[in-house]
Amino acid sequence: DVLDPDRLIQCPYNKHHRIRACRFPYHLVKCRKSYPEVAKELATCPFNARHLVPQADLSDHITKCNDKGFIEQDIVNQSSGFQREQMSAVSTWQAPPCDEDWETESLEQSDSPFVW
């Protein structure tokens, strides 16, 4: 099961590391520091930061990445939801009447000096 937090995932930095899915993001940060030369050769998937692939294979991974569909669906849902909100949301708000007259107030207060 992909959603199982206890399933084991192979580390992209060291193939001998097998990490539980729930700890995998923390392990990636730690292992990246331990293997800087390997880290230079890997690229991060724009759809899932847990996907680290060789830089040469990144474009191929992007076209086949399973998580791309989730992102695209979120974008479609957000844009259609935004359009529905725009269509149904007509503002009836009106500014309250203004009782202030700054020019009159400034003339009235010109005799008294400003005190902080």
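Along each chain, residues carry numbers from 1 onward, in the same order as the chain's sequence is written. Two thresholds apply to this predicted model, a pLDDT of at least 70 for residue-level local features and 80 or more for giving and counting side-chain atom pairs, whereas whole-chain, interface and lining totals are computed over all residues. In computing side-chain values, all of the structure's heavy atoms are included and hydrogens and water are not.

An unreviewed UniProt entry annotates the protein as GTSF1 factor of Fregata magnificens.

1. Section: a negative patch on the surface
Candidate patch residues must exceed 30% relative accessible area and have no salt bridge, after which like charges are joined if within 9 Å and Val, Leu, Ile, Met, Phe, Trp or Tyr side chains if within 5 Å. A 1.4 Å probe and the Shrake-Rupley method give the accessible areas. Residues count as covered only by the protein chains that appear here. Salt bridge, as used here, is a side-chain nitrogen of Lys or Arg placed within 4 Å of a carboxyl oxygen of Asp or Glu. We count Lys and Arg on the positive side and Asp and Glu on the negative side, and we leave His and both chain ends out. Just so you know, the charge point we use is NZ for Lys, CZ for Arg, CG for Asp and CD for Glu. On the surface, a cluster of negative charge is contributed by D99, E100, D101, E103 and E105. Only DSSP runs of H or I reaching four residues or more are called helices, and only runs of E reaching two or more are called strands; each is numbered from the N terminus. Structurally, E103 is set in helix α5 (residues 102-109).

2. Section: the pattern of salt bridges
Within this structure, the stated rule accounts for 3 salt bridges. With its nearest N and O atoms 3.3 Å apart, the salt bridge here joins D6 to R20. With D6 in the segment before β1 (8-10) and R20 in strand β2 (residues 18-20), this residue pair connects regions lying 14 residues apart in the sequence. In this structure, the salt-bridge partner of K40 is E37, at a minimum N-O distance of 3.5 Å. Placement of both K40 and E37 in helix α2 (residues 36-41) is noted, with a separation of 3 residues, approximately one turn of the helix. Taken individually, K40 and E37 each receive the classification exposed, so the pair is uniform in this respect. We call a residue buried when its accessible area falls under 20% of the maximum for its residue type, exposed when it is over 50%, and partly exposed in between, using a 1.4 Å probe and counting protein chains only.

3. As for the nonpolar core
Here, nonpolar core means buried Ala, Val, Leu, Ile, Met, Phe, Trp, Tyr and Cys residues that are tied together by side-chain atoms lying within 4.5 Å of each other. Formed by I9, C11, Y13, I19, A21, F24, L28, C31, A39, L42 and L52, the largest nonpolar core amounts to 11 residues. If one sorts the elements of this core by residue count, helix α1 (residues 24-34) sits on top with 3 residues. Setting aside its immediate chain neighbours within four residues, I19 contacts R7, L8, I9, C11, F24 and H27. The criterion used for residue contact is that any of the two residues' heavy atoms lie within 4.5 Å.

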